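# Residue-level structural notes
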Amino acid sequence: MDQLDQIHFENKLHHLTEWLQQKAPVAVAFSGGVDSGYLSLIAHRTLKEKGIAVTANSETFPPQELEICQRVANEIGIKHHLITTKELEIKGFRANQVSRCYFCKQELYEKIRIYLKETPEYTLVDGSIADDAFELRPGMQAAQDLGVWSPLRIAGLTKSEIRTHAKALGLSIWDKPALACLSSRIPYGTEVTFDRLIKVREAEAFLKELGWNQFRVRAYEAIAKLEIPLEAFARYFSQENRLRQRFEEIGFTSLVLDLKGFRSGSMHEAFQMIPEAQREARAKQLWEETKLPGHIQQLAQLTLIQTSEPQRILDIREKLVDTFHRSGLPYLVLDGESVTIEERKI
(Lines give C-alpha, C1' and ligand atoms only; values in the text may rest on other atoms or scores of the structure.)
Protein backbone atom coordinates (compact mmCIF):
# COMPACT_ATOMS: atom_id res chain seq x y z
CA MET A 1 0.00 0.00 0.00
CA ASP A 2 1.62 3.29 -1.10
CA GLN A 3 1.47 6.51 0.91
CA LEU A 4 -1.64 7.88 -0.78
CA ASP A 5 -3.47 4.56 -0.39
CA GLN A 6 -2.45 4.46 3.27
CA ILE A 7 -3.83 7.95 3.88
CA HIS A 8 -7.03 7.01 2.06
CA PHE A 9 -7.38 3.87 4.18
CA GLU A 10 -6.72 5.73 7.43
CA ASN A 11 -9.48 8.19 6.54
CA LYS A 12 -11.87 5.28 6.00
CA LEU A 13 -10.83 3.71 9.31
CA HIS A 14 -11.35 7.02 11.10
CA HIS A 15 -14.81 7.26 9.53
CA LEU A 16 -15.58 3.72 10.74
CA THR A 17 -14.51 4.27 14.34
CA GLU A 18 -16.33 7.61 14.54
CA TRP A 19 -19.49 5.98 13.21
CA LEU A 20 -19.26 3.16 15.75
CA GLN A 21 -18.81 5.64 18.60
CA GLN A 22 -21.87 7.59 17.45
CA LYS A 23 -24.01 4.44 17.18
CA ALA A 24 -22.82 2.68 20.35
CA PRO A 25 -23.69 0.28 21.82
CA VAL A 26 -23.28 -1.99 18.80
CA ALA A 27 -24.15 -5.66 18.16
CA VAL A 28 -22.23 -7.29 15.29
CA ALA A 29 -23.87 -10.15 13.38
CA PHE A 30 -20.75 -12.34 13.35
CA SER A 31 -20.69 -15.18 10.82
CA GLY A 32 -17.10 -16.28 11.30
CA GLY A 33 -15.90 -14.63 8.09
CA VAL A 34 -13.09 -12.11 7.84
CA ASP A 35 -15.41 -9.11 7.27
CA SER A 36 -17.67 -9.52 10.30
CA GLY A 37 -14.65 -10.77 12.27
CA TYR A 38 -12.73 -7.60 11.43
CA LEU A 39 -15.74 -5.46 12.32
CA SER A 40 -16.04 -7.30 15.65
CA LEU A 41 -12.37 -6.60 16.34
CA ILE A 42 -12.63 -2.88 15.51
CA ALA A 43 -15.89 -2.60 17.48
CA HIS A 44 -14.27 -4.18 20.54
CA ARG A 45 -11.15 -2.00 20.32
CA THR A 46 -13.24 1.12 19.82
CA LEU A 47 -16.18 0.49 22.15
CA LYS A 48 -14.90 -2.10 24.66
CA GLU A 49 -17.92 -3.55 26.51
CA LYS A 50 -20.29 -1.51 24.35
CA GLY A 51 -19.52 -3.76 21.40
CA ILE A 52 -20.78 -7.37 21.28
CA ALA A 53 -20.91 -10.13 18.67
CA VAL A 54 -23.89 -12.37 17.96
CA THR A 55 -23.69 -15.64 16.00
CA ALA A 56 -26.64 -17.74 14.82
CA ASN A 57 -26.45 -21.53 14.83
CA SER A 58 -28.69 -23.43 12.40
CA GLU A 59 -28.86 -26.45 10.10
CA THR A 60 -27.34 -24.34 7.30
CA PHE A 61 -24.27 -23.43 9.38
CA PRO A 62 -21.41 -25.99 9.46
CA PRO A 63 -20.48 -27.02 13.04
CA GLN A 64 -16.81 -26.26 12.42
CA GLU A 65 -17.75 -22.68 11.51
CA LEU A 66 -19.48 -22.25 14.85
CA GLU A 67 -16.29 -23.41 16.55
CA ILE A 68 -14.32 -20.83 14.55
CA CYS A 69 -16.73 -18.09 15.66
CA GLN A 70 -16.27 -19.02 19.30
CA ARG A 71 -12.49 -19.23 18.99
CA VAL A 72 -12.13 -15.91 17.15
CA ALA A 73 -14.47 -14.07 19.52
CA ASN A 74 -12.34 -15.34 22.38
CA GLU A 75 -9.17 -14.15 20.61
CA ILE A 76 -10.65 -10.71 20.10
CA GLY A 77 -11.98 -10.56 23.65
CA ILE A 78 -15.43 -9.44 22.56
CA LYS A 79 -18.50 -10.66 24.43
CA HIS A 80 -20.03 -13.36 22.23
CA HIS A 81 -23.69 -14.42 22.18
CA LEU A 82 -25.14 -17.50 20.46
CA ILE A 83 -28.71 -17.75 19.19
CA THR A 84 -30.61 -20.33 17.12
CA THR A 85 -32.33 -19.71 13.81
CA LYS A 86 -34.75 -22.01 11.97
CA GLU A 87 -34.46 -21.26 8.27
CA LEU A 88 -35.81 -24.67 7.23
CA GLU A 89 -39.14 -23.81 8.84
CA ILE A 90 -39.55 -20.90 6.41
CA LYS A 91 -41.39 -21.81 3.21
CA GLY A 92 -39.74 -19.04 1.17
CA PHE A 93 -36.31 -20.23 2.22
CA ARG A 94 -36.96 -23.91 1.46
CA ALA A 95 -38.32 -23.01 -1.99
CA ASN A 96 -34.77 -21.93 -2.85
CA GLN A 97 -35.47 -19.16 -5.33
CA VAL A 98 -33.16 -16.20 -5.92
CA SER A 99 -34.74 -14.52 -2.88
CA ARG A 100 -33.61 -17.34 -0.55
CA CYS A 101 -30.94 -15.21 1.12
CA TYR A 102 -33.54 -12.57 1.92
CA PHE A 103 -35.51 -15.03 4.06
CA CYS A 104 -32.32 -16.27 5.71
CA LYS A 105 -31.14 -12.80 6.72
CA GLN A 106 -34.66 -11.77 7.72
CA GLU A 107 -34.78 -14.72 10.11
CA LEU A 108 -31.30 -13.90 11.44
CA TYR A 109 -31.90 -10.22 12.13
CA GLU A 110 -35.37 -10.75 13.59
CA LYS A 111 -34.03 -13.41 15.97
CA ILE A 112 -31.14 -11.18 17.02
CA ARG A 113 -33.55 -8.33 17.74
CA ILE A 114 -35.73 -10.65 19.81
CA TYR A 115 -32.65 -11.80 21.70
CA LEU A 116 -31.65 -8.20 22.37
CA LYS A 117 -35.16 -7.04 23.29
CA GLU A 118 -34.08 -6.26 26.85
CA THR A 119 -31.38 -3.97 25.46
CA PRO A 120 -33.12 -2.36 22.46
CA GLU A 121 -30.62 0.49 22.38
CA TYR A 122 -28.13 -1.74 20.54
CA THR A 123 -27.42 -0.79 16.93
CA LEU A 124 -27.40 -3.98 14.88
CA VAL A 125 -24.67 -4.11 12.23
CA ASP A 126 -23.46 -6.63 9.65
CA GLY A 127 -20.20 -7.26 7.81
CA SER A 128 -21.23 -6.11 4.31
CA ILE A 129 -18.40 -4.29 2.55
CA ALA A 130 -17.99 -1.86 -0.34
CA ASP A 131 -17.40 -4.69 -2.84
CA ASP A 132 -20.83 -6.19 -2.07
CA ALA A 133 -22.61 -3.29 -3.70
CA PHE A 134 -21.71 -4.75 -7.11
CA GLU A 135 -23.09 -8.26 -6.46
CA LEU A 136 -26.53 -9.86 -6.28
CA ARG A 137 -27.23 -9.73 -2.53
CA PRO A 138 -30.88 -10.22 -1.50
CA GLY A 139 -29.66 -10.41 2.09
CA MET A 140 -28.60 -6.77 1.90
CA GLN A 141 -32.18 -5.83 1.09
CA ALA A 142 -33.34 -7.69 4.20
CA ALA A 143 -30.79 -5.74 6.24
CA GLN A 144 -32.09 -2.45 4.88
CA ASP A 145 -35.72 -3.44 5.46
CA LEU A 146 -34.99 -4.35 9.08
CA GLY A 147 -32.83 -1.34 9.92
CA VAL A 148 -29.50 -3.19 10.04
CA TRP A 149 -26.48 -1.01 9.34
CA SER A 150 -23.35 -1.89 7.32
CA PRO A 151 -20.56 0.30 8.74
CA LEU A 152 -17.77 -1.27 6.65
CA ARG A 153 -19.70 -0.46 3.49
CA ILE A 154 -20.57 3.01 4.79
CA ALA A 155 -16.86 3.66 5.39
CA GLY A 156 -16.05 2.38 1.88
CA LEU A 157 -13.75 -0.40 3.05
CA THR A 158 -12.88 -3.09 0.48
CA LYS A 159 -12.02 -6.76 0.94
CA SER A 160 -8.37 -6.12 0.12
CA GLU A 161 -8.09 -3.34 2.69
CA ILE A 162 -9.85 -5.39 5.34
CA ARG A 163 -7.62 -8.43 4.84
CA THR A 164 -4.46 -6.30 4.93
CA HIS A 165 -5.44 -4.50 8.14
CA ALA A 166 -6.83 -7.65 9.75
CA LYS A 167 -3.48 -9.35 9.18
CA ALA A 168 -1.62 -6.39 10.66
CA LEU A 169 -3.89 -6.54 13.73
CA GLY A 170 -3.27 -10.27 14.18
CA LEU A 171 -6.77 -11.49 13.34
CA SER A 172 -6.33 -15.22 12.79
CA ILE A 173 -8.95 -15.43 10.02
CA TRP A 174 -7.51 -12.57 7.95
CA ASP A 175 -6.97 -14.88 4.96
CA LYS A 176 -9.99 -17.13 5.43
CA PRO A 177 -11.78 -17.84 2.14
CA ALA A 178 -15.34 -16.58 1.78
CA LEU A 179 -17.88 -19.18 2.86
CA ALA A 180 -21.56 -18.93 1.98
CA CYS A 181 -24.14 -20.96 3.89
CA LEU A 182 -24.67 -24.59 2.91
CA SER A 183 -27.96 -23.87 1.16
CA SER A 184 -26.01 -22.01 -1.54
CA ARG A 185 -24.68 -25.42 -2.68
CA ILE A 186 -28.15 -26.48 -3.88
CA PRO A 187 -29.33 -25.32 -7.33
CA TYR A 188 -32.06 -22.69 -7.41
CA GLY A 189 -35.48 -24.32 -7.63
CA THR A 190 -34.42 -27.47 -5.80
CA GLU A 191 -35.93 -27.54 -2.32
CA VAL A 192 -33.53 -27.00 0.56
CA THR A 193 -33.92 -29.97 2.90
CA PHE A 194 -32.04 -31.19 5.93
CA ASP A 195 -30.93 -34.36 4.12
CA ARG A 196 -29.43 -32.38 1.24
CA LEU A 197 -27.65 -30.05 3.63
CA ILE A 198 -26.22 -32.98 5.60
CA LYS A 199 -24.74 -34.54 2.45
CA VAL A 200 -23.04 -31.28 1.51
CA ARG A 201 -21.88 -30.70 5.08
CA GLU A 202 -20.28 -34.16 5.34
CA ALA A 203 -18.66 -33.91 1.92
CA GLU A 204 -17.10 -30.53 2.66
CA ALA A 205 -16.04 -31.65 6.14
CA PHE A 206 -14.18 -34.57 4.53
CA LEU A 207 -12.35 -32.20 2.18
CA LYS A 208 -11.32 -30.10 5.16
CA GLU A 209 -10.03 -33.24 6.91
CA LEU A 210 -7.81 -33.86 3.89
CA GLY A 211 -6.42 -30.34 4.16
CA TRP A 212 -8.37 -28.74 1.32
CA ASN A 213 -8.89 -25.04 1.87
CA GLN A 214 -10.88 -23.49 -0.98
CA PHE A 215 -13.73 -25.43 -2.57
CA ARG A 216 -17.47 -25.79 -3.05
CA VAL A 217 -19.46 -29.02 -3.20
CA ARG A 218 -22.59 -28.35 -5.26
CA ALA A 219 -25.34 -30.95 -4.88
CA TYR A 220 -27.25 -31.79 -8.05
CA GLU A 221 -29.45 -34.48 -6.51
CA ALA A 222 -27.18 -37.56 -6.46
CA ILE A 223 -24.33 -35.83 -8.32
CA ALA A 224 -21.70 -33.87 -6.41
CA LYS A 225 -20.05 -31.13 -8.48
CA LEU A 226 -16.71 -30.08 -7.04
CA GLU A 227 -15.41 -26.56 -7.63
CA ILE A 228 -11.73 -26.07 -6.77
CA PRO A 229 -9.02 -23.61 -7.87
CA LEU A 230 -7.36 -24.52 -11.16
CA GLU A 231 -4.01 -25.05 -9.45
CA ALA A 232 -5.61 -27.78 -7.33
CA PHE A 233 -6.71 -29.93 -10.29
CA ALA A 234 -3.60 -32.17 -10.14
CA ARG A 235 -4.24 -32.82 -6.47
CA TYR A 236 -7.84 -33.72 -7.23
CA PHE A 237 -6.80 -36.39 -9.72
CA SER A 238 -4.28 -37.82 -7.28
CA GLN A 239 -7.03 -38.20 -4.63
CA GLU A 240 -10.03 -38.83 -6.87
CA ASN A 241 -10.53 -42.48 -5.97
CA ARG A 242 -10.50 -41.67 -2.26
CA LEU A 243 -12.84 -38.73 -2.72
CA ARG A 244 -15.24 -40.73 -4.86
CA GLN A 245 -15.39 -43.56 -2.31
CA ARG A 246 -16.18 -41.22 0.57
CA PHE A 247 -18.73 -39.22 -1.41
CA GLU A 248 -20.54 -42.45 -2.31
CA GLU A 249 -20.61 -43.39 1.38
CA ILE A 250 -22.22 -40.02 2.08
CA GLY A 251 -24.94 -40.67 -0.51
CA PHE A 252 -23.72 -39.22 -3.80
CA THR A 253 -23.66 -41.61 -6.76
CA SER A 254 -21.27 -39.49 -8.84
CA LEU A 255 -18.47 -36.98 -8.31
CA VAL A 256 -17.63 -34.60 -11.15
CA LEU A 257 -15.08 -31.81 -11.49
CA ASP A 258 -16.21 -28.36 -12.64
CA LEU A 259 -13.77 -27.40 -15.39
CA LYS A 260 -14.27 -23.68 -14.80
CA GLY A 261 -12.79 -24.01 -11.35
CA PHE A 262 -13.64 -22.38 -8.05
CA ARG A 263 -15.75 -19.23 -7.96
CA SER A 264 -18.33 -17.77 -5.63
CA GLY A 265 -21.90 -17.39 -6.83
CA SER A 266 -21.67 -19.97 -9.61
CA MET A 267 -25.32 -20.94 -9.09
CA HIS A 268 -26.31 -17.61 -10.68
CA GLU A 269 -24.86 -18.86 -13.97
CA ALA A 270 -27.92 -21.11 -14.35
CA PHE A 271 -29.88 -18.03 -15.45
CA GLN A 272 -27.67 -17.85 -18.56
CA MET A 273 -28.63 -21.36 -19.70
CA ILE A 274 -30.51 -22.08 -22.88
CA PRO A 275 -33.90 -23.86 -22.50
CA GLU A 276 -33.60 -27.42 -21.23
CA ALA A 277 -35.10 -28.91 -24.40
CA GLN A 278 -32.20 -27.48 -26.45
CA ARG A 279 -29.30 -28.44 -24.18
CA GLU A 280 -28.67 -32.06 -25.22
CA ALA A 281 -28.48 -31.29 -28.95
CA ARG A 282 -26.35 -28.19 -28.42
CA ALA A 283 -23.90 -30.07 -26.18
CA LYS A 284 -23.50 -32.92 -28.68
CA GLN A 285 -22.99 -30.51 -31.57
CA LEU A 286 -20.26 -28.60 -29.73
CA TRP A 287 -18.59 -31.82 -28.62
CA GLU A 288 -18.50 -33.27 -32.14
CA GLU A 289 -16.81 -30.10 -33.36
CA THR A 290 -13.95 -30.62 -30.88
CA LYS A 291 -13.12 -34.08 -32.31
CA LEU A 292 -11.95 -35.10 -28.83
CA PRO A 293 -12.14 -38.71 -27.58
CA GLY A 294 -14.97 -39.69 -25.27
CA HIS A 295 -18.57 -38.62 -25.20
CA ILE A 296 -20.78 -35.94 -23.69
CA GLN A 297 -24.08 -36.12 -21.85
CA GLN A 298 -26.47 -33.45 -20.63
CA LEU A 299 -27.82 -34.08 -17.13
CA ALA A 300 -30.25 -31.24 -16.32
CA GLN A 301 -27.89 -28.28 -15.81
CA LEU A 302 -24.63 -30.24 -16.04
CA THR A 303 -22.78 -30.89 -19.29
CA LEU A 304 -20.84 -34.06 -18.51
CA ILE A 305 -17.67 -35.12 -20.35
CA GLN A 306 -16.50 -38.73 -20.05
CA THR A 307 -13.12 -39.52 -21.57
CA SER A 308 -10.15 -41.83 -21.18
CA GLU A 309 -7.80 -38.96 -22.07
CA PRO A 310 -8.43 -36.21 -19.50
CA GLN A 311 -5.13 -34.49 -20.26
CA ARG A 312 -6.36 -33.56 -23.72
CA ILE A 313 -9.44 -31.99 -22.13
CA LEU A 314 -7.35 -30.06 -19.63
CA ASP A 315 -4.95 -28.85 -22.34
CA ILE A 316 -7.79 -26.87 -23.94
CA ARG A 317 -9.89 -26.46 -20.80
CA GLU A 318 -10.17 -22.68 -21.01
CA LYS A 319 -11.30 -22.72 -24.65
CA LEU A 320 -13.81 -25.51 -24.00
CA VAL A 321 -15.31 -23.78 -20.98
CA ASP A 322 -15.63 -20.50 -22.87
CA THR A 323 -17.21 -22.14 -25.92
CA PHE A 324 -19.83 -24.03 -23.93
CA HIS A 325 -20.54 -21.10 -21.63
CA ARG A 326 -21.13 -18.71 -24.54
CA SER A 327 -23.47 -21.31 -26.01
CA GLY A 328 -25.65 -21.31 -22.91
CA LEU A 329 -24.10 -24.34 -21.17
CA PRO A 330 -22.12 -22.85 -18.26
CA TYR A 331 -21.57 -26.00 -16.19
CA LEU A 332 -19.01 -28.09 -18.09
CA VAL A 333 -17.83 -30.94 -15.86
CA LEU A 334 -15.43 -33.86 -16.15
CA ASP A 335 -16.41 -37.31 -14.94
CA GLY A 336 -13.26 -39.33 -14.35
CA GLU A 337 -15.13 -42.55 -13.58
CA SER A 338 -14.18 -44.07 -16.93
CA VAL A 339 -10.51 -43.12 -16.53
CA THR A 340 -8.01 -45.70 -15.31
CA ILE A 341 -5.91 -45.02 -12.23
CA GLU A 342 -2.75 -44.62 -14.33
CA GLU A 343 -4.40 -42.12 -16.65
CA ARG A 344 -5.64 -40.04 -13.72
CA LYS A 345 -2.10 -39.28 -12.58
CA ILE A 346 -1.62 -36.25 -14.79
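Above this note sits the structure.
Below: a short report on this structure. (Residues numbered from 1 in each chain as written. Predicted model: local features only at pLDDT ≥ 70, side-chain atom pairs only at ≥ 80, totals over all residues. Heavy atoms only, no water.)

### What about the overall build of the protein chain?
To be explicit about the condition: For the purposes of this entry, the term helix denotes a DSSP run of H or I that reaches at least four residues, the term strand denotes a run of E that reaches at least two, and both are numbered from the N terminus. With C-alpha atoms as the basis for the radius of gyration, the globule rule is written as 2.2 Å multiplied by the number of residues raised to the power 0.38. Should any heavy atoms of two residues lie within 4.5 Å, those residues are considered in contact.
Within the protein chain, the secondary structure is distributed over 14 helices and 10 strands. A globule of 346 residues ought to have a C-alpha radius of gyration of about 20 Å, and the protein chain, at 22 Å, matches this closely. Projected onto the principal axes, the alpha-carbon positions of the protein chain cover approximately 65 × 50 × 35 Å. Long-range contacts, defined as pairs at least 24 residues apart, comprise 73% of the intrachain contacts of the protein chain with a sequence gap of at least 6.

### Let's talk about the environment of Q144
Its location among the elements puts Q144 in helix α6 (residues 138–145). Sequence separation between Q144 and I198 is 54 residues, and the spatial gap between their C-alpha atoms is 31 Å.

### Details of helix α2 (residues 34–47)
Short version of the rule: Helix span, as expected, comes to 1.5 Å for every residue beyond the first. Buried, partly exposed and exposed residues are distinguished by accessible area as a fraction of the type maximum, computed with a 1.4 Å probe on protein chains only: under 20%, between the cut-offs, and over 50%, respectively.
In this model α2 runs 19 Å from its N-terminal to its C-terminal C-alpha over 14 residues, within 8% of the 20 Å that 1.5 Å per residue would give. The buried fraction of α2 amounts to 12 of the 14 residues, a majority that puts the element mostly inside the structure. Regarding α2, the residues found buried are V34, D35, S36, G37, Y38, L39, S40, L41, I42, A43, H44 and L47. In the stretch just after α2, K48 is the one whose phi turns positive, near 55°.

### Topic: the sheet that holds strand β3 (residues 79–84)
For the record, the criterion: Paired strands, in this sense, are two strands between which DSSP finds at least two bridges. Each axis is a line fitted through C-alpha atoms, taken for helices only over the stretch in contact, and angles between the N-to-C directions span 0 to 180 degrees.
Taken together, four strands build an open sheet; the order of strands is β3-β2-β1-β4 and the sheet is parallel. Edge positions in the sheet fall to β3 and β4 (123–125), since each of these pairs with one other strand and no more. Pairwise comparison of adjacent strand axes, ignoring direction, gives a mean angle of 30° for this sheet. Sheet topology places strand β1 (residues 26–29) next to β4; three bridges connect them, and they run parallel. Pairing of A27 across the sheet is with L124, part of β4. The strands touched by α2 within the sheet are β1, β2 (51–57) and β4, with β1 carrying the most contacts at an inclination of about 165°. Strands in contact with helix α3 (residues 63–76) are β2 and β3; relative to β3, the strand with the most contacts, it is inclined by about 160°.

### Remarks on the layout of surface pockets
Which entries qualify depends on this criterion: Cavities and pockets were defined on a 1 Å grid built over protein atoms only: a cavity is a set of grid points that admits a 1.4 Å probe from which the probe cannot escape, a pocket is an open set flanked by protein on both sides within 12 Å along at least five of seven lines, and lining residues are those with an atom within 4 Å of any such point. Grid points are joined across faces, edges and corners, and a volume is the space filled by probe spheres set on the points. Three residue categories are used. Nonpolar comprises Ala, Val, Leu, Ile, Met, Phe, Trp, Tyr, Cys and Pro, charged comprises Asp, Glu, Lys and Arg, and polar comprises the others, including Gly.
Within this model, the second largest pocket holds a volume of roughly 310 Å³. As for the second largest pocket, its lining consists of 17 residues, and the residues nearest its centre are E65, K176, P177, K208 and N213. Residue assignment for the lining of the second largest pocket shows that the elements contributing at least two residues are α3 and α9 (194–209). A class-by-class count of the residues in the lining of the second largest pocket yields seven nonpolar, three polar and seven charged.

### Describing the pairing of β1
Selection rule: A crossover counts as right-handed when, viewed with the strands pointing away from the observer, the path leading from the first strand over the helix to the second turns clockwise.
Side chains of β1 alternate between two faces, with V26 and V28 and A27 and A29 buried alike. Both β1 and β2 contribute to a ladder of four bridges, which runs parallel. Paired with V26 across the two strands is G51, which belongs to β2. For the segment spanning β1, α2 and β2, crossover handedness is right-handed.

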